Amino acid sequence: MSTSNAAPTALIVHAHPEPHSFSTAQMTTAAQALRDTGYRVDVLDLYSETWNPALAREEFAPIDGPFKPQAEQMRAVEDGTLDAAVRAHLDRLLAADLLVLSFPMWWFSLPAILKGWVDRVFVMGGTFGGDYGLFGDAALAGKRAMLLFTTGGSSQSFSPGGAFGSMDDFLFHIHRGMLEFVGYRVLEPVITYGPAHMTDQDRAAALETVRASIRSM
Ligand SMILES: Cc1cc2nc3c(=O)[nH]c(=O)nc-3n(C[C@H](O)[C@H](O)[C@H](O)COP(=O)(O)OP(=O)(O)OC[C@H]3O[C@@H](n4cnc5c(N)ncnc54)[C@H](O)[C@@H]3O)c2cc1C
């Protein structure tokens, strides 16, 4: 959390294609809970923005020879030539004390649009590397991040020995490989298992659990 007197900022990056989905309801519930606890909340809705997830040479200044994505990211940070959309999202990321990635689990991971947001916005030279190191020496060191997501499978299926295996195993590549890599301290994820298989009453209770989890962070 910020050490100044200004309200801390939470950036929620949301990735669900349906505004009336449970995942979107979960995101708006979490956003309100964060406001209730004193955060200024910045919501970045990737589908509403029709975010382009593909990291490609066209977003960089013309280059001769082979395209080396991380070298071009470094050069664009140094030259001030980062793509305008990437620069704007990176500035919102750097301004936030807390990052929340909100999504439905797809193929045991992030939806492609959100993975592509990480590919393009966790810029080498801007979040790690260059003037920064990795992990504790990366740009987001001292800040916190958490996952807020839904699944199709039940909590039992994601337990050790369950049909899918331990949830922690699936989250490692996100927690360690993305969030801790750029310096974040990772908080416990907030997960609603199988909202499509619940009664309306259970879904309402699940949203209350999300609210309580966020408020007790
Ligand atoms: C490509 C793909 C890959 C997938 N891979 C996996 C996987 O690897 N592992 C896995 O477990 N699952 C997987 N799934 C399933 C997916 O994770 C779930 O379908 C998803 O997480 C459910 O969340 P949702 O928000 O999309 O649910 P929805 O279907 O949008 O919502 C569930 C129900 O909640 C209702 N609802 C909406 N808003 C509210 C509200 N405010 N209050 C109460 N009820 C509300 C909706 O009307 C609906 O009836 C995959 C799905 C896809 C499309």
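Note that residues are indexed from 1 along each chain, following the sequence as it is written. Where local features are concerned, this predicted model is filtered to residues with pLDDT of at least 70; where side-chain atom pairs are given and counted, the filter is 80 or more; whole-chain, interface and lining totals use all residues. Derived side-chain values reflect all non-hydrogen atoms in the structure, with water molecules and hydrogen atoms excluded from consideration.

S.K.: Before we move on, can you summarise the site of the ligand with the specific residues and values?
M.R.: Think of it this way: one heavy atom of a residue within 4 Å of a molecule or strand is enough to make that residue near it. If you check the shell around the ligand, you find 20 residues, and the closest are His-16, Ser-23, Met-105, Phe-108 and Thr-150. Backbone polar atom of Met-105 to an oxygen atom of the ligand: 2.7 Å apart, as the coordinates give it. Here a polar contact means two N or O atoms within 3.5 Å. Within protein one must be a hydrogen donor candidate and the other an acceptor candidate, and residues neighboring in sequence count only if both atoms are side-chain atoms. Contacts to the ligand include Phe-108, whose backbone N or O atom sits 2.7 Å from an oxygen atom. Calculation on the ligand without its partners gives an accessible area of 1000 Å², and the protein chains cover 64% of this total. Mapped onto the shell around the ligand, the elements with two or more residues apiece are helix 1 (22–36) and helix 6 (200–215). To be clear on the numbers: accessible area is Shrake-Rupley with a 1.4 Å probe, and residue cover counts the displayed protein chains and nothing else. Secondary structure elements are defined from DSSP: runs of H or I of at least 4 residues count as helices, runs of E of at least 2 residues count as strands, and each element is numbered from the N terminus.

S.K.: I'd love a proper account of the nonpolar core, names of residues and values included.
M.R.: Among buried residues, those of type Ala, Val, Leu, Ile, Met, Phe, Trp, Tyr and Cys that are joined through side-chain atoms within 4.5 Å constitute a nonpolar core. Note on classification: 1.4 Å probe, protein chains only; a residue is buried when its accessible area is under 20% of the maximum for its type, exposed when over 50%, partly exposed between these limits. Membership of the largest hydrophobic core comes to 41 residues, with the highest contact counts inside it found for Leu-99, Trp-117 and Phe-122. Sorting elements by how many residues they give to this core places helix 5 (residues 167–179) first, with six residues. Residue contacts for Phe-122: discarding those within four places in its chain leaves Gln-73, Leu-93, Leu-99, Trp-117, Thr-127, Phe-128, Met-178, Leu-179, Val-182 and Tyr-184. Among the nonpolar cores identified, the runner-up in size contains 17 residues, and Ala-30, Ala-33, Tyr-39 and Val-210 belong to it. In this description, contact between two residues means that some pair of their heavy atoms is separated by no more than 4.5 Å.

S.K.: Please provide a residue-by-residue account of unusual backbone geometry, values included.
M.R.: Positioned with a positive phi, Thr-50 is a non-glycine residue whose angle comes to about 40 degrees. The topology assignment puts Thr-50 in the loop between strand 2 (40–45) and helix 2 (69–79). In this structure, Trp-107 takes a positive phi of about 50 degrees despite not being glycine. Summarising the element assignment, Trp-107 is placed in the loop between strand 3 (98–104) and helix 4 (112–121). In this structure Trp-107 comes out as exposed when scored by relative accessible area, which is 84%.

S.K.: So what's going on with the pattern of salt bridges? Which residues, and what values?
M.R.: Where side chains of opposite charge bring their charged atoms close, a pairing between them can arise. Basic side-chain nitrogens of Lys or Arg form a salt bridge, by our definition, when they fall within 4 Å of a carboxyl oxygen of Asp or Glu. Under the definition given, this model contains 11 salt bridges. As a salt-bridge pair, Glu-49 and Arg-92 come within 3.9 Å of each other at their nearest N and O atoms. Residue Glu-49 is found in the loop between strand 2 and helix 2, and its partner Arg-92 is found in helix 3 (residues 84–95); the two are separated by 43 residues along the sequence. Where Arg-203 meets Asp-200, a salt bridge forms, and the shortest distance between an N and an O atom there is 2.6 Å.

S.K.: Can you lay out the packing of aromatic side chains for me, pointing to particular residues and giving the numbers?
M.R.: For Phe, Tyr and Trp, where Trp contributes only its six-membered ring, two rings pair if their centres lie within 6.5 Å, and the inter-plane angle classes them as stacked under 30 degrees, edge-to-face over 60, or tilted in between. Taken as a whole and assessed by the stated rule, the structure comprises 11 aromatic pairs. When the ring of Phe-135 is compared with that of Phe-181, the centres are 5.3 Å apart and the planes differ by 75 degrees; the resulting orientation is edge-to-face. Placement of the pair is Phe-135 in the loop between helix 4 and strand 4 (144–150) and Phe-181 in the loop between helix 5 and strand 5 (185–186), with a sequence separation of 46 residues. What makes Phe-181 partly exposed here is its relative accessible area of 23%. Measuring from centroid to centroid gives 5.9 Å for Phe-158 and Tyr-193, while their planes differ by 40 degrees, and the two rings are tilted. Of this pair, Phe-158 sits in the loop between strand 4 and helix 5 while Tyr-193 sits in the loop between strand 6 (190–192) and helix 6; the two residues are 35 residues apart in sequence, bridging distant segments of the chain.

These figures capture arrangement, not role.
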